[in-house]
Each structure stands twice: as C-alpha cells, then as structure tokens.
Amino acid sequence: MSLAPAFALCFLLATIGGPRVAGRSFVVRNAEKIFWTGALGVATALVVMSHLQFEAWANGGFVAQHLVPPLGGHRYFLFYIWWRFWAPYAISFVVAPIFFRLARWYNQRHSEQFFYEEEYYFIALGIFLTGQPGWIFYLLAMVLVAICAHIGIAASRFAGLVTTDCRRFSLYDFWLPVAAFVILSMTWIAQLPWFGVLKP
C-alpha cells in the first residue's frame, strides 16, 4: 500500500473513532473541516510520493536520469506522476461533490428523513479517499449493505424478533468503515480481470 492510500485508511480510522471520543456534536460542527483535512492530507501524501519518484529517477541509472530534469524534460515526469499518483484522487474529488449534492437534494425532497447533516460529508469523504476506481466499489458495497440490512430487518419482523416499527434503517455508522474496508481490499479487487478498464 502506497503512502496516499495508507494515509486515507489511517484518516478514516481516526474519523470513525472521533464520535466515540469527542462525541457526535464535535463531528456535526466540524464535518466540513474533517473533509478538507482529509483532502489536504491526501494532497500532501501525493506531493511526497511525487518527490520520492523524482528522487528515485534522478539518482537512478543512466536511462532513469534522462526522464527528469536537468538531463531530461519535465513533460514525461509530470505525465507519469499525474496518471500514476494524482489522477485517481482527482477523479474521485470531482465525483464526491456530485454525490454530496445528490444526497442532500434527495434528503430535502423527503423531509430530511434519510441522512443527518454530517452524513453528506461522510459520503463525500468515503468517495474521495477510495479514489478511482475504488469509489465505484465503495458505492456498490454501500448498496449491498443497505439491501442486506433491509432484508435482515424484514426477516426479524417476520420472525417476531422486532416488535417496533423498523422500516427505516440508517447507514450513518457504515459510510466510513465500508470506505476503509474497500481501501484494505483494493489489493484483491485489483486482481479482477476488468479492473484495468476502470483505472485512469
């Protein structure tokens, strides 16, 4: 696991533990700051990775030294680090606000029955930190979690295990753990035969 995904995973774990330590009110007040802190952290990790790649080539053999200035031009190096490091997170950074706004719009259409205010940032953070194509698997996993939860609730009501009205189920506690799970699973997900088609 490279530096950026490692940071993303650690940041998610810290954010998951935040409400338990500081209380939900802290997360509610600072949800937007949490998102931008994660984004800044990933950007910093990408800068470090880009610098390490430059140093590796600059101190490499004859061929590698001609891939970076001063012996070589800067275009290939920038092209390489963009597609190797930056593009996956640039794509997910664009996708994240789309789903942020969709979730908010859907929630407002239904009298805010489905999401708490900070959940919009959880969704955006999960999408961004899983990168491209991780965010696709992340959303699919969340759909699967929701389906399994509703089946479980329906089965429990049918069996008489639940006597109260449990028609609604909140995904509040799943947005960030599932994102962490997807990041941990990327090594296995990358073995899928069509994974390369989804990569930038």
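Predicted model, so just to flag it, every value in this text is computed and none were measured.

Caption draft 1: Looking closely at the overall build of the protein. Along the protein, the regular secondary structure elements total seven helices and zero strands. For the protein, the succession of helices and strands along the chain, N to C, is α-α-α-α-α-α-α. Split into buried and exposed, the 200 residues of the protein put 39% on the buried side. Once local pairs closer than 6 in sequence are excluded, the contacts in the protein between residues at least 24 apart make up 71%. Per element, the accessible surface of the protein, about 11900 Å² overall, is 68% carbon and sulfur.

Caption draft 2: Up close: the side chain of S50. If you trace the backbone, S50 turns up in helix α2 (residues 24–58). There is a polar contact of 2.8 Å between the side chain of S50 and the backbone oxygen of L46. In this structure, S50 is in contact with F77, I81, F85 and W86, ignoring residues within four places of it in sequence.

Caption draft 3: Inspection of the pattern of salt bridges at higher detail. Enumeration over the complete set of coordinates arrives at one salt bridge. With a shortest N-O distance of 2.6 Å, R104 and E117 are connected by a salt bridge. Placement of R104 in helix α4 (residues 75–109) and of E117 in the loop between α4 and α5 (119–158) is noted, with a sequence separation of 13 residues between them. Residue classification places R104 among the partly exposed residues on the basis of a relative accessible area of 27%.

Caption draft 4: Layout of the packing of α2 against α4. Where α2 meets α4, the closest approach of the two axes is 10 Å, and the angle between their N-to-C directions is 165 degrees. Classified by the angle between their axes, α2 and α4 sit roughly antiparallel to one another. In the crossing of α2 with α4, the sense of the turn from one axis to the other is right-handed. Between α2, through F35, W36, A39, V42, A43, L46, V47, M49, S50, Q53, F54 and W57, and α4, the contact on the second element is made entirely by Y76, F77, Y80, I81, F85, W86, Y89 and F93.

Caption draft 5: The arrangement of unusual backbone geometry in detail. Q132 connects to P133 through a cis peptide bond whose omega is 10 degrees. When you line up the elements, P133 lands in helix α5. If you check the backbone angles, S111 has positive phi at about 55 degrees while not being a glycine. Here S111 shows up in the loop between α4 and α5. Although it is not a glycine, E112 adopts a positive phi angle of roughly 55 degrees. Secondary-structure assignment places E112 in the loop between α4 and α5.

Caption draft 6: Layout of the confidence of the model for the protein. With 86% of its residues at a pLDDT of 70 or more, the protein has an overall mean of 86. Looking across the protein, the model is least confident in helix α3 (residues 62–65), with a mean pLDDT of 63, and most confident in helix α6 (residues 175–189), with 93.

Caption draft 7: Layout of the packing of aromatic side chains. Summed over the entire model, instances satisfying the criterion amount to 20 aromatic pairs. Note on F100 and Y121: the rings are 4.9 Å apart at their centroids and 65 degrees apart in plane angle, and the pair reads as edge-to-face. Pair noted here: F100 is in helix α4 and Y121 is in helix α5, with a separation of 21 residues, a long-range link. Here F100 and Y121 have matching classes, each one buried. Aromatic pair F122 and Y172: ring centres 5.3 Å apart, planes at 65 degrees, arrangement edge-to-face. Of the two residues, F122 sits in helix α5 while Y172 sits in the loop between α5 and α6, which places them 50 residues apart along the sequence. Residue F122 is classed as buried on the basis of its relative accessible area, which comes to 6%. Clustering of aromatic rings is evident, with ring pairs tying together F35, W36, Y89, F93 and F128.

Caption draft 8: Quick peek at a nonpolar patch on the surface. A grouping of V94, I98, L102, W105, Y106 and F114 is seen on the molecular surface, where their side chains present a nonpolar patch of about 590 Å² in accessible area. Looking at the element boundaries, F114 is found in the loop between α4 and α5.

Conventions and cut-offs
Residues numbered from 1 in each chain as written. Predicted model: local features only at pLDDT ≥ 70, side-chain atom pairs only at ≥ 80, totals over all residues. Heavy atoms only, no water. Helix = DSSP H or I, 4+ residues; strand = E, 2+ residues; numbered from the N terminus. Buried < 20%, exposed > 50% of the residue type's maximum accessible area, 1.4 Å probe, protein only. Contact = heavy atoms within 4.5 Å. Areas by Shrake-Rupley, 256 points an atom, 1.4 Å probe, with all protein chains shown as cover. Polar contact = N/O pair within 3.5 Å; in protein donor to acceptor, adjacent residues only side chain to side chain. Salt bridge = Lys/Arg side-chain N within 4 Å of Asp/Glu carboxyl O. Axes fitted to C-alpha atoms, helices over the stretch in contact; angles between N-to-C directions. Parallel < 35°, antiparallel > 145°, perpendicular 65-115°, else oblique. Left-handed = near helix turned anticlockwise from the far one by under 90°. pLDDT = per-residue confidence, 0-100. Phe/Tyr/Trp six-rings, centres within 6.5 Å; stacked < 30°, edge-to-face > 60°. Patch = residues over 30% accessible without salt bridge, like charges linked within 9 Å, V, L, I, M, F, W, Y side chains within 5 Å.

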